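Observations on the three-dimensional arrangement
The lines below spell out each chain.
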Protein chains: 2
Amino acid sequence: MHSEPTTFSAESYFATQGPPPNLEHEVSAVRAFVAQQTQQNRNVVLVTSGGTTVPLELNVVRFLDNFSAGTRGATSAEYFLKAGYAVIFMHRQFSLQPFSRHYSHSTNPFLDFLEIDQTDGSEPQISVTPDKRTHLLEVLTAYKSVHASGTLLTLTFVTVNDYLWLLRAVSQELSVMRRRAMYYLAAAVSDFFLPRQKMSEHKIQSGKGSLHIEMDQVPKILKSMVDEWTHDGFIVSFKLETDPLLLIPKAHAALERYGHQVVIGNDLHRRKFEVVFVSRNAQPDGDASTGKLNEATSTFVEHWLRIDLACEPSKEIEEDIISELVRRHEEWAKKQIV
Amino acid sequence: MHSEPTTFSAESYFATQGPPPNLEHEVSAVRAFVAQQTQQNRNVVLVTSGGTTVPLELNVVRFLDNFSAGTRGATSAEYFLKAGYAVIFMHRQFSLQPFSRHYSHSTNPFLDFLEIDQTDGSEPQISVTPDKRTHLLEVLTAYKSVHASGTLLTLTFVTVNDYLWLLRAVSQELSVMRRRAMYYLAAAVSDFFLPRQKMSEHKIQSGKGSLHIEMDQVPKILKSMVDEWTHDGFIVSFKLETDPLLLIPKAHAALERYGHQVVIGNDLHRRKFEVVFVSRNAQPDGDASTGKLNEATSTFVEHWLRIDLACEPSKEIEEDIISELVRRHEEWAKKQIV
């Protein structure tokens, strides 16, 4: 079933797969943004959001994609802004964005709550229907205030290659903030990709029966983020599974392997009302001098967050996620060696 | 490279791949819509729009997708409505829709042109910035008028399986209109899929090196549409290629194979300003009695449509496409045996 893959380390990946054309331009924007926020004494969080595509052709028609509308990332970005963070919102093109996410064209189209007021003879005016006015005013006020204060920088990616290059570049720029920076990696990133060197130039023709695709593994860049790119930043990754039995063991494995701060685990079907924070146990209940741990104490600690949508249907679990993370990040930032 | 595929005819496809859960509900809506339009003496066009996904898991996390924001379909639907057609707009969830397409969250976010007017003491009001008012008023007027007259029915699909079942059901309902129905198949439909029987239940794990996917061919349902589902409807299909040399030959092959009315060919990079209508030559320049064709006359005829975006930057080629199709459809409908 699985034939010989090419193994890409992060290093070999960046050495062989070319950068997106607009990378330098975006890096400059990030640099200016980080400098401004540092001056204004704000913490900065990088929020990644949406899925990544894996093109199958150089002139891309077909691609492998990951399920993600970008709800988690867009919603979280709003709560980070509310908590006083400056946000670099790095999202998949056309996935949801903070503020405008409330008015999805499919579920809550804004054209539906605009009215044309035609008074005889005068020019027609556009107004908002009364039942929608309060909510729109709230969203609009937050939106205008964020734009006025310059605390939101939006960056776009499409392919997993765009994502990887942009993530590295943004992390490196943000690393000057050291422990005051947070990295909230909510994007659903493909585990597999097709190296440029293996892609066909044109649309794969379908005349030949079945389609056969073989992809290589995307390098695990979280290790490089922790060790090389971020200088002690607070790193939060996500683990989405459909098999609940895999969630905790895979979160443990990720923390062991990459050494970052938190894995937020979520089951595909329960993610709107239940997540689990998995982190390493900071104070193992044992004798540090002898190096012996109490066997009853796990190396890892799980903290479940649940909300009850039956009682509070408009509550968003991201509100609680961000509040918990802000608390943990404050603790982490205190340890900064100035 | 290519191993033995399972070959699905349209018949074997529908016999083995289950229908989407909401199909019956949507069929009822279509039936009522068609009855109403027939009564009001309107032609009806089915517009399909956006790409289709091919899930790789039953609990879907990953999928193969086709490039399509749904611009062609959403824009065309507006021009069909303008031309007096009733439109069944069958589109991929989250792809662009008629009217709201003008206000993409990424390129023209509507929150940007709303203002908060705060007069001292009074309740704040929301208004539209003056420079955007005229255009929004135009879009909004068309939108409200279409909703008031009930000439737009919107249906949603996600996977290629949803698409195929819905297309068959809608076509069969619409077939009662015979030659007064048009089928405008602008959706980018996957050529390959993974039969339900071959899918893994959970997210494919990435620990094992490379990813190996083998897909079967989606049945060519255009043949069934022409022969069985539509009863003389006017059928327009699309052919998108990145290699311009393939465009015309592939359009000819499609017309030969399926026997429908028009293939609109477009090159991926030129599709906003150039398309080609390919159809069979209605009056071959030869002696029908002897069955001998003049060898200089092709069986097919190409009609190129081009617009000059440098001169008219806001012109949309769909305006000309729909006007040409409406003309051809009128000719076609005249031949109806009453």
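Here the structure is a predicted model, which is why all the values come from computation and not from measurement.

1. What to know about the relation of the copies chain B and chain A
Relative to chain A, chain B is turned by 180 degrees and slid 0.0 Å along the rotation axis, the superposed coordinates differing by an RMSD of 0.0 Å. Accordingly, the operation relating the two chain copies is best matched by a two-fold axis. Measuring from the rotation axis to each C-alpha of chain B, the shortest distance belongs to Leu64 of chain B, at 2.1 Å. Looking at chain B, 100% of its interface residues are interface residues in chain A too, so the copies touch through the same face.

2. With respect to the sheet that holds strand E12 (residues 262-267) of chain B
Residues and elements named next belong to chain B. Strand order across the open sheet formed by eight strands is E7-E4-E1-E8-E11-E12-E13-E14, with mixed pairing between neighbours. Each edge of the open sheet carries a strand with a single partner, namely strand E7 (152-157) and strand E14 (300-306). Ignoring which end each strand starts from, the neighbouring axes of this sheet average 20 degrees apart. By the bridge criterion, six bridges tie strand E4 (residues 86-92) to E7 in an arrangement that is parallel.

3. Quick word on the packing of aromatic side chains
To describe a pair of aromatic rings, you give the distance between the ring centres and the angle between the ring planes. Applying the stated criterion to the full structure yields 29 aromatic pairs over all chains. Taking 5.2 Å as the distance between ring centres and 55 degrees as the angle between the ring planes, the aromatic pair formed by Tyr103 of chain A and Phe113 of chain A counts as tilted. Of the two residues, Tyr103 of chain A sits in the loop between strand E4 (86-92) and strand E5 (114-117) while Phe113 of chain A sits in the loop between E4 and E5, which places them 10 residues apart along the sequence. An aromatic cluster is defined as three or more aromatic residues linked by ring pairs; in this entry it consists of Phe8, Tyr13, Phe14, Trp165, Phe193 and Trp229 of chain A. When the ring centre of Trp332 of chain A is taken as reference, the NZ or CZ atom of Arg179 of chain A above it lies at 3.9 Å. If you follow Arg168 of chain B out to its NZ or CZ, it ends over the ring of Phe14 of chain B, 4.0 Å from the centre.

4. Points about the interface of chain B and chain A
Contacts between chain B and chain A engage 67 residues on the former and 67 residues on the latter. Here chain B packs against chain A, burying approximately 6800 Å² in sum over the two surfaces, 60% of which is carbon and sulfur. Applying the counting criterion to the chain B and chain A interface returns zero salt bridges. Counting across the chain B and chain A interface gives 10 residue pairs in polar contact (both at pLDDT 80 or more).

5. Examining the packing of helix H3 (residues 71-82) of chain B against helix H8 (residues 317-334) of chain B
Residue and element names in this part refer to chain B. Contact pair H3 / H8: the axes reach a minimum separation of 9 Å and the direction vectors enclose 55 degrees. Comparing the axis directions of H3 and H8 gives the class oblique. Handedness of the crossing formed by H3 with H8: right-handed. Packed against H3, whose contacting residues are Thr71, Arg72, Thr75, Ser76, Tyr79 and Phe80, the element H8 presents Ile317, Glu318, Glu319, Ile321, Ile322 and Leu325 at the interface. Among the residues forming the contact of H3 with H8, the class breakdown is six nonpolar, three polar and three charged.

6. Here's the deal with the sheet that holds strand E10 (residues 211-217) of chain A
An order of E9(A)-E10(A)-E10(B)-E9(B) is seen for the four strands of this open sheet, with the pairing classed as antiparallel. The sheet is open, and its two edges are formed by strand E9 (192-193) of chain A together with strand E9 (192-193) of chain B, each paired on a single side. Summarising the sheet, E9 of chain B and strand E10 (residues 211-217) of chain B pair through two bridges and their orientation is antiparallel. Paired with Phe193 of chain B across the strands is Asp216 of chain B, a residue of E10 of chain B.

7. With respect to the domain arrangement of chain A
Residues and elements named next belong to chain A. Taken as a whole, chain A is organised into domain 1 (1-100 + 148-203 + 213-232) and domain 2 (235-284 + 296-337). Of note, the centres of domain 1 and domain 2, computed from C-alpha atoms alone, are 21 Å apart. Across the contact, 27 residues belong to domain 1 and 27 residues belong to domain 2. Taking both partners together, domain 1 and domain 2 bury about 2500 Å²; carbon and sulfur atoms supply 62% of that area. Summed over the three residues of domain 1 that lose the most area to domain 2, namely Arg72, Tyr79 and Arg179, the buried surface amounts to 32% of that side. Put simply, domain 1 and domain 2 have one salt bridge between them. Note that Glu318 and Arg72 form a salt bridge whose closest N and O atoms lie 3.0 Å from each other. When residues of the side of domain 1 that touches domain 2 are traced back to their parent elements, those giving at least two are helix H3 (71-82), strand E8 (181-185) and helix H6 (221-229).

8. Examining helix H7 (residues 244-258) of chain A
All names here are of chain A. Given a rise of 1.5 Å per residue, 15 residues ought to cover 21 Å, and the 22 Å separating the end C-alpha atoms of H7 matches this to within 8%. Every buried residue of H7 is listed here: Leu247, Ile248, Ala251, His252, Ala254, Leu255 and Tyr258. Residues of H7 that are buried make contact with H6, strand E11 (234-241), strand E12 (262-267), strand E13 (274-280) and strand E16 (300-306). Looking one or two residues past H7, Gly259 carries a phi angle of roughly 75 degrees, positive in sign.

9. With respect to H8 of chain B
For an α-helix, 3.6 residues make a turn, and residues three or four places apart therefore share a direction. Residue and element names in this part refer to chain B. Here H8 contains 18 residues, and its C-alpha end-to-end distance of 26 Å stays within 8% of the 26 Å for a straight helix at 1.5 Å per residue. Here H8 has its buried residues at Ile317, Glu318, Ile321, Ile322, Glu324, Leu325, Val326, Arg328, His329 and Trp332. Each element contacted by the buried residues of H8 is listed here: H3, strand E8 (181-185), strand E11 (234-241), E12, strand E13 (274-280) and E14.

10. With respect to the packing of helix H2 (residues 23-39) of chain A against helix H5 (residues 160-174) of chain A
Residues and elements named next belong to chain A. Put simply, H2 and H5 touch, their axes get as near as 9 Å, and they point 30 degrees apart. Of the possible angle classes, the one that applies to H2 and H5 is roughly parallel. Both H2 and H5 take part in a crossing whose hand is right-handed. Judged by residue contacts, Leu23, Glu26, Val27, Val30, Arg31 and Val34 of H2 engage Trp165, Leu166, Ala169, Val170, Glu173 and Leu174 from H5. In the contact of H2 with H5, the residues fall into nine nonpolar, no polar and three charged.

Analysis parameters
- One numbering rule holds for all chains: residues counted from 1, following each sequence as written.
- Labels are handed out in written order, letters beginning with A for the chains and numbers beginning with 1 for the ligands.
- Reporting in this predicted model follows two pLDDT cut-offs: at least 70 for local features of residues, and 80 or more for side-chain atom pairs to be given and counted; totals over whole chains, interfaces and linings ignore these cut-offs and use all residues.
- Just so you know, side-chain values use all the structure's heavy atoms and leave hydrogens and water out.
- Superposing copies: least-squares fit, C-alpha atoms only, residues required to have pLDDT of at least 70 in both.
- What makes two residues a contact is simply this: any of their non-hydrogen atoms within 4.5 Å.
- One requirement defines pairing of two strands: DSSP has to find at least two bridges between them.
- Numbering goes from the N terminus for both helices and strands, where a helix is a DSSP run of H or I of at least four residues and a strand is a run of E of at least two.
- Orientation is described by lines fitted to C-alpha atoms, with helices fitted over the stretch in contact, and by angles between N-to-C directions that extend from 0 to 180 degrees.
- In summary, the pairing rule links any two rings of Phe, Tyr or Trp, Trp by its six-membered ring, whose centres are within 6.5 Å, and it sorts them by plane angle into stacked for under 30 degrees, edge-to-face for over 60 and tilted for everything else.
- Here, a charge over a ring means that NZ of Lys or CZ of Arg falls within 6 Å of the ring centre while also lying within 35 degrees of the ring normal.
- Accessible area that two parts lose when put together, with a 1.4 Å probe and added across both, is what the buried area reports.
- We define a salt bridge as a side-chain nitrogen of Lys or Arg found within 4 Å of a carboxyl oxygen belonging to Asp or Glu.
- In protein, a polar contact means a hydrogen-donor-capable atom and an acceptor-capable atom, both N or O and within 3.5 Å, with residues adjacent in sequence counting only if both atoms are side-chain atoms; elsewhere, any N or O pair within 3.5 Å suffices.
- Roughly parallel covers angles under 35 degrees, roughly antiparallel covers those over 145, roughly perpendicular covers 65 to 115, and oblique covers all other angles.
- With the far helix as reference, a near helix turned anticlockwise by less than a right angle produces a left-handed crossing, and one turned clockwise produces a right-handed crossing.
- We call Asp, Glu, Lys and Arg charged. Ala, Val, Leu, Ile, Met, Phe, Trp, Tyr, Cys and Pro are nonpolar, and the rest, Gly among them, are polar.
- Residue ranges labeled as domains rest on an automatic or database domain assignment.
- Given the number of residues in a helix, its expected span is that number minus one, multiplied by 1.5 Å.
- Burial here depends on accessible area, computed with a 1.4 Å probe over protein chains only, as a share of the maximum for the residue type. Under 20% is buried, over 50% is exposed, and the range in between is partly exposed.

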